[in-house]
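# Structural overview for review
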Amino acid sequence: MFRRIEPDAAENGLTLTFEGRAICFRPGDSLAAALLAAGIGALRQSPVDASPRAPYCMMGVCFECLVEIDGRQNQQACLTPAQDGMVVRRQIGARQLP
């Protein structure tokens, strides 16, 4: 499991919501780093067999960290800065077309 080297700094007041759960994060965290530090690994399900997928490369190459952010699907959590008040959901399967 991932963990921070330095003690948690939850008192800074920055929070986002993941699947209805409040997640505290540090300034400068990517969304993927904030979720991993909170003990959340699987961020999406494969559209092929619904297997859980987690951040892998942390630099935007593998696309394993796709999530829905504030209603927008297919957002890369590793490249997205965590923002106070952000609402994040797991991405289930492939992007839905309008």
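Here is what the cut-offs are and how they apply
Residues numbered from 1 in each chain as written. Predicted model: local features only at pLDDT ≥ 70, side-chain atom pairs only at ≥ 80, totals over all residues. Heavy atoms only, no water. Helix = DSSP H or I, 4+ residues; strand = E, 2+ residues; numbered from the N terminus. Buried < 20%, exposed > 50% of the residue type's maximum accessible area, 1.4 Å probe, protein only. Contact = heavy atoms within 4.5 Å. Pairing = 2+ DSSP bridges. pLDDT = per-residue confidence, 0-100. Disulfide = S-S within 2.5 Å. Core = buried A, V, L, I, M, F, W, Y, C linked by side-chain atoms within 4.5 Å.

Our next topic: the environment of Phe-18. Note that Phe-18 resides in strand 1 (residues 15–18). Judged by relative accessible area, Phe-18 falls into the buried class, the value being 3%. Those residues within four positions of Phe-18 in sequence are excluded, and the remaining contacts are Ile-23, Leu-35, Ile-40, Ala-42, Leu-43, Val-88, Arg-89 and Arg-90.

Put simply, side chains in a regular strand alternate between the two faces of the sheet. With burial as the criterion, each face of strand 5 (residues 66–69) is covered, one bearing Leu-66 and Glu-68 and the other bearing Val-67 and Ile-69. As paired elements, strand 5 and strand 6 (residues 72–76) share three bridges and run antiparallel to each other. Within the sheet, the bridge partner assigned to Val-67 lies in strand 6 and is Gln-75. Counting the residues that bridge the hairpin from strand 5 to strand 6 gives two residues, and of these Asp-70 lies at a positive phi of roughly 50°. Pairing analysis gives three bridges linking strand 5 to strand 7 (residues 87–92), with the strands arranged antiparallel. Along strand 7, the bridge assignment pairs Glu-68 with Arg-89.

Overall, the prediction assigns the protein a mean pLDDT of 89, with 89% of residues at 70 or greater. Put simply, strand 3 (residues 44–45) is where the protein has its lowest mean pLDDT, 90, and strand 1 is where it has its highest, 98.

A few words on the state of the cysteines. Tallied over the entire structure, the rule returns zero disulfides. The thiol sulfur of Cys-78 is not disulfide-bonded, and the nearest other cysteine sulfur, from Cys-65, lies at 3.7 Å. Here Cys-78 falls in the buried class, since its relative accessible area comes to 10%.

Among the nonpolar cores identified, the biggest contains 18 residues, and Leu-16, Phe-18, Leu-31, Leu-35, Leu-43 and Val-88 are the most heavily contacted of them. Counting residues per element, the ones that place at least two in this core are strand 1, helix 1 (31–37) and strand 5. Residue contributions to this core peak at four residues, all from helix 1. When near neighbours in sequence (up to four residues on either side) are disregarded, Leu-31 contacts Leu-16, Val-67, Ile-69, Ala-77, Thr-80, Pro-81, Ala-82, Met-86 and Val-88.

With that out of the way, let us pick up the side chain of Gln-91. Turning to its location among the elements, Gln-91 is positioned in strand 7. Filtering out sequence-adjacent residues up to four positions away, Gln-91 remains in contact with Leu-43, Arg-44, Gln-45, Leu-66, Val-67, Glu-68, Gln-73 and Asn-74.

Mapped onto the secondary structure, Gly-60 falls in the loop between strand 4 (52–53) and strand 5. Classification of Gly-60 as buried rests on a relative accessible area of 15%. The spacing of Gly-60 and Thr-80 is 20 residues in sequence and 9.7 Å in space, taken between C-alpha atoms. Not counting the four nearest positions on each side in its chain, Gly-60 is found in contact with Gln-76, Cys-78 and Leu-79.

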